Amino acid sequence: MKSFSDRFDRQVIPGWHDSKARALGSEAGSLVPRSSPSLTVNVETIREELNRTRSIGVAVDALNVALVAPDGELASAAASIIDEKRSDLPKPVVDVADRVLGRTSNELPILPSFRMFHGGQVRELRELLRAFPQSPLLHLDIARHFVTLGSRDKAARAVAAALTLAPQNRVVLRSAARFFCFVGEKDRAYSLIRNAVRTQADPWLIAAEIALSQEVGRPPLHWRKGKDFLDRATVAPIHLSELATAIGTIELMSGNRKKARKLFAQGLRGPTANSLAQARWAELRMGMELVASERTGPQVVENAFEANTLQAFNTGDMAVALQAARNWFHVEPFSPLAASAVAHIGGLMDDYKTVMEHAELCRHVHPNDVSLRNNFLYAWISSGEIFRGSEHIVGDDNDDDDDDEVPIRVVRDVAMELRGYVEDGGHNAVHALANLGLLAYRLGQTETGRALYDQTIQLARRGNLATHHAAAAAVFHAREAILAGVPWADEAIATARALAKSGAGGQSPAPSITFYIKKIEALAKDPQLAPQILSANSAASFAPAKLPVNLKLETKSDGRLIVRVPATALSSSGKLLIK
Amino acid sequence: MSTASTPPAADPRLAAWHLVGTSVDGWNVVERLAQARDPAETGKTGGTFSVGYKVEKNGEEAFLKVFDIIYAFGPGRNFIDELNTIRGSYNHEKALLDLCTTGRMSRIVRIFANGEVPVPLPLAHDPSFTVPLFYIIFERADGGDIRDVFSRFGVISDAVKFGYLHHVAVGIQQLHQASISHQDLKPSNVVIFEKDPGAKIADFGRALKRGVFAEHENFRFAGDPAYAAPEQLYAHQAADWRERREAVDLFQLGSLVAFMFSAKNATAGILDELETNLRPEEWKGSYEDVLPMLQHAFARYLVGVRNTFPDWARPELEQFVKLACDPDVYRRGDPRARAQHGKPLGIDRFISRLNVLRIEAQRRALFEAVNAPAT
């Protein structure tokens, strides 16, 4: 199964959130902080008038004043009077009064389906745009939903409208660049940011320019200006966060680990969800801790779902990682990485239902993502659904079907599809070949399955791929061998163990391998427990043991276990305070 | 100079609050009107600029506005400077109202009299040492203010509402033609007359005249912040008078239009739709940077209130509010007017819109009356 975390060299490409989420971040804020303009509203006059007259007209006026002030006491007093005359008054003010009086329903709405949700959002935004088409953020919001629904042309028109309305707005430029990246127009994204007048004076846009330059293989135009911003550090750390991590990423890729570490440290002084995720990715890449543990919670960085996914994934806590990945996909459904994360982690947890449902969600937004398709096929075959569901049969011609219980045609089509991916080569070929091996095992053709998995391992070793791909193939081969009860199961397990260790190149094995090999060990001990072990509920059993919060566990290449203890956990005489 | 018939109060600092039963310029002071509580009761000395009274003379009622001098006595304040400030405010408002009277502005409340009442200086040994209590007497609206519409919300006709709004717009235009900007066009400052039916604009305490200095010219909010335009909330001051001052009046006119039907004004509506960290007291950035979010919030507000507009007038009213309350002060106004030389706001076009709606509402009311089934 293919790992989402190794399919990319992550760059700090701008995020694209809906306006409500955007409002929570500092991306929209000014570089030069201004003192918040005080807003002192004199509520005493109208409060006295309300108490004295209890007039409905004054109450309505007072409720408006209370919203601006804001003054909860005045709002309650006004709302009570409005409530008495609610049948005579217009809905907007009655709604506010109800909210003030705590009458808003706390019941959670019934969540509609994915498409219904985004379709509903489009309808609502269309109405808003009809009322006020001058809002660039509304155009960007509707573009997000169009993208998610697979309507890329409509999304493109909406993004163009936003750019026309606010061609130099930071949020608009960055969101538009992200959109162009999504639709594969990275050069256009880069040109947009590079040529914007505002870019040379804006660290957020310089960060985007530097990150995008790497995507299109061009030298960054504003590198020096970006470095100047970081050296001077005259603006708040959060405004420099993505810039520091963007430059840090280039230093990391160039092998300048020391410089990279320093830049990531600067970037994490005021992290954004994007820079935090970049740091988590860099941690995986550098094999060292960059982010202090207290920074990881969403309470510190809003919407840091990607970072949380990476963190939980890196530590092998797959149940937490899957939940974080689902949240990440919810806020960035157009992100191929978010989509891949749910599919990959769901697969590791043997949560096939989640993987297959997720594939359905991704059908429109990522219609041509072979990696997602491979993950779906893995889950479909592993769950056995491929052999059961008649709904997946293509056509009704079962001439070749010599066994009524197996939709041979479907299986044949899947095999042909996988062969196609293998022939296409590239990084999807390894996954497709492993899936063919899986399919062969499940069809009872164990020798063929074994041969295909062996080919997969060889292919992974030959190609210029991440080192643990061969280990992953070996691990899943071991699973199938145990389940099939073949004589070479022990050999397959030994190969998986050896590749997991050697494939890591002296470093800790990939978290996915570490996690899944524990399942293999348990399965090897008692194959009868396969339904329990290979289920979503077993994830906690294979997660690493929880250490006291501040302790860090490291496994060295020579097998030594190192426990790092923070100074706060030690007494003045150096004794460990934690039992 | 006019005089009060009796000494106003035992404590001259509270003189402005205790005029009931006295006579000012021949007008008998009958009743103190809605104001913040007496500073003697609250112990506070801030927040109210003037005290209002109902006065009578020969059976005619009027409104007496007395400039409160208690600020001048506040701890740590320079009495002479404060008194000069109060005098300046009085003179400024009086001068603007004189201009309105001279200009025969039909939709601005008329002024009957003005002057000052001497009040003995506290702790002075010689009672001839006095401080002036400045006042202005206006025509009194017998129909209250425009907020009273809500007490008869289901009864009052659209024609009447559009009539009031048309009058307010005319009043704004009359002021702008005299280079005066009201700056505080809130519902309580739109007063209703029953005998001579219609609405007029009142309270010029925060108004400004182009080229004439006033103390509050330099304030971030010339008027009441609770009804301020978005650019004022975010401390943005346009360089040009038209955008800095007249555009605020237009915003408040549009806000009043929306308020008349939805009971939710644009200032409160926009802030209500904003995330907390974008509210003016939290936002650390500029007006330009927050503007896209304000437009987003305004769109939500507009969609929320438009269903309260009469069906037949909804597109026109929605367009009216959209153009008049645009959070972008540099785009606010009628687009065709803004495209002209000097970028006028096009108040005349807004007046025309309201007039057309008023006439149509009257026509519809008449049609309904004629076709109503006999009972």
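Residues numbered from 1 in each chain as written. Chains lettered and ligands numbered in written order. Predicted model: local features only at pLDDT ≥ 70, side-chain atom pairs only at ≥ 80, totals over all residues. Heavy atoms only, no water.

Quick word on the overall build of chain A
As a reminder, the rule being used: Counting from the N terminus, the helices are DSSP H or I runs at least four residues long and the strands are E runs at least two residues long. Any two residues whose heavy atoms approach within 4.5 Å at even a single point are treated as in contact. The Shrake-Rupley method, run with a 1.4 Å probe, gives the accessible areas here. Residue values count only the displayed protein chains as cover.
Helices and strands together make up the secondary structure of chain A, namely 28 helices and 2 strands. Once local pairs closer than 6 in sequence are excluded, the contacts in chain A between residues at least 24 apart make up 61%. Carbon and sulfur atoms make up 51% of the accessible area of chain A, which amounts to about 26200 Å² in all.

With respect to the pattern of salt bridges
Residues and elements named next belong to chain A. Inclusion rule: Note on definitions: salt bridges are taken to be side-chain nitrogens of Lys or Arg within 4 Å of carboxyl oxygens of Asp or Glu. Whether a residue is buried, partly exposed or exposed follows from its accessible area with a 1.4 Å probe, protein chains only, as a fraction of its type maximum: under 20%, in between, or over 50%, in that order.
In the structure shown here, the tally under the stated rule is 59 salt bridges over all chains. A salt bridge links arginine 373 to glutamate 417; the shortest N-O distance between them is 2.6 Å. Of the two residues, arginine 373 sits in helix α20 (residues 370-383) while glutamate 417 sits in helix α21 (residues 408-424), which places them 44 residues apart along the sequence. For glutamate 417, a relative accessible area of 22% gives the class partly exposed. A single salt-bridge network, built from bridges that share partners, covers Asp350, Arg442, Arg479, Glu480 and Lys519.

Quick notes on the packing of helix α18 (residues 336-348) of chain A against α20(A)
All names here are of chain A. The condition is simple: Each axis is a line fitted through C-alpha atoms, and for a helix only the stretch in contact is used; angles between axes span 0 to 180 degrees, taken between their N-to-C directions. For classification, angles of less than 35 degrees are called roughly parallel, those exceeding 145 degrees roughly antiparallel, those between 65 and 115 degrees roughly perpendicular, and all remaining angles oblique. Take the far helix as the reference: if the near one is turned anticlockwise from it by less than a right angle, the crossing is left-handed, and if turned clockwise, right-handed. Gly counts as polar in this scheme, as do all residues outside two lists: the nonpolar Ala, Val, Leu, Ile, Met, Phe, Trp, Tyr, Cys and Pro, and the charged Asp, Glu, Lys and Arg.
Here α18 crosses α20 at 25°, and the two axes come no closer than 10 Å. The pairing of α18 with α20 is recorded here as roughly parallel in orientation. Along this stretch, α18 crosses α20, giving a crossing that reads as left-handed. Each of Ala339, Ser340, Ala343, His344 and Gly347 in α18 lies in contact with α20, whose residues at this interface are Ser371, Leu372, Asn375 and Tyr378. Among the residues making up the contact of α18 with α20, the classes are represented as 4 nonpolar, 5 polar and no charged.

Regarding the interface of chain A and chain B
Spelled out, the test is: Accessible surface is computed with a 1.4 Å probe, and the buried area is the amount of it that two parts give up when combined, taken over both parts together. Whenever a nitrogen or oxygen atom comes within 3.5 Å of another N or O atom, the pair is scored as a polar contact, on the condition that within protein one atom can donate a hydrogen and the other can accept it, and that pairs from neighbouring residues in sequence are kept only if both atoms are in side chains.
Tallying the contact residues gives 58 residues for chain A and 63 residues for chain B. For the pairing of chain A and chain B, the buried interface totals around 4800 Å² over both sides, and the portion due to carbon and sulfur atoms is 58%. Measuring nitrogen to oxygen at the nearest pair gives 2.7 Å for the salt bridge that ties A:Glu49 to B:Arg147. Inspection of the region where chain A meets chain B yields 13 residue pairs in polar contact (both at pLDDT 80 or more). Mapped onto the side of chain A that touches chain B, the elements with two or more residues apiece are α1 (19-24), α2 (44-53), α3 (56-68), α5 (91-100), α6 (114-131) and α7 (136-148) of chain A.

Comments concerning the packing of helix α17 (residues 318-331) of chain A against α18(A)
Residue and element names in this part refer to chain A. Where α17 contacts α18, the two axes come as close as 8 Å, and the packing angle between them is 155°. One finds that α17 runs roughly antiparallel with respect to α18. Both α17 and α18 take part in a crossing whose hand is left-handed. In this structure, α17 contributes Met318, Ala321, Leu322, Ala325, Arg326, Trp328 and Phe329 to the contact, and α18 contributes Leu337, Ala338, Ala339, Ala341, Val342, Ile345, Gly346 and Leu348. The residue makeup of the contact of α17 with α18, split by class, is 13 nonpolar, 1 polar and 1 charged.

Quick look at the sheet that holds strand β1 (residues 23-24) of chain B
Residue and element names in this part refer to chain B. Threshold: Any two strands are treated as partners once DSSP identifies two or more bridges connecting them.
Taken together, the 6 strands give an open sheet; going across it, the order is β1-β2-β3-β4-β6-β5, and neighbouring strands pair in antiparallel fashion. Of all strands in the sheet, those with a lone pairing partner are β1 and β5 (111-120), marking the two edges. Packing against the sheet, helix α2 (residues 79-102) makes contact with β4 (60-67), β5 and β6 (130-139), and its axis sits at approximately 25° to β6.

Brief notes about the side chain of B:His167
Residues and elements named next belong to chain B. Inspection of the secondary structure puts histidine 167 in helix α3 (residues 158-177). By relative accessible area, which is 18% here, histidine 167 ends up buried. With residues near it in sequence (within four places) discarded, histidine 167 still touches Arg107, Pro197, Gly198 and Ala199.

With respect to the confidence of the model for chain B
All names here are of chain B. The following threshold applies: Predictor confidence is given residue by residue as pLDDT, running from a minimum of 0 to a maximum of 100.
Taken as a whole, chain B shows an average pLDDT of 87; of its residues, 90% reach a score of 70 or greater. Per-element confidence in chain B ranges from a low mean pLDDT of 44 for helix α1 (residues 39-42) to a high of 97 for helix α8 (residues 314-324). Low confidence marks residues 36-48, where pLDDT is under 50. Its contacts with residues over four positions away, or in another chain, come to 29 contacts. Prediction confidence for the complex, expressed as pTM and ipTM, is 0.80 and 0.90 respectively.

Comments concerning the packing of aromatic side chains
Rule in force here: Each aromatic pair joins two rings of Phe, Tyr and Trp (for Trp, the six-membered one) with centres within 6.5 Å, and gets the label stacked for planes under 30 degrees apart, edge-to-face for over 60, and tilted for any other angle. In our convention, an over-ring charge means Lys NZ or Arg CZ found within 6 Å of a ring centre and within 35 degrees of that ring's normal.
If you walk through the whole model with that rule in mind, you get 21 aromatic pairs over all chains. Relative to B:Phe134, the ring of B:Tyr90 lies with its centre 4.9 Å away and its plane at 20°, an arrangement referred to as stacked. Of the two residues, B:Tyr90 is situated in helix α2 and B:Phe134 in strand β6; the sequence distance between them amounts to 44 residues. Like B:Phe134, B:Tyr90 is buried. Three or more aromatic residues joined by ring pairs form one cluster here, namely A:Trp16, A:Phe179, A:Phe180, A:Phe182 and A:Phe334. In this arrangement the basic side chain of B:Lys200 is found over the ring face of B:Phe193, its NZ or CZ atom lying 5.1 Å from the centre. Its guanidinium or amino end placed over the ring of B:Phe350, B:Arg353 lies 5.4 Å from that ring's centre, counting from NZ or CZ.

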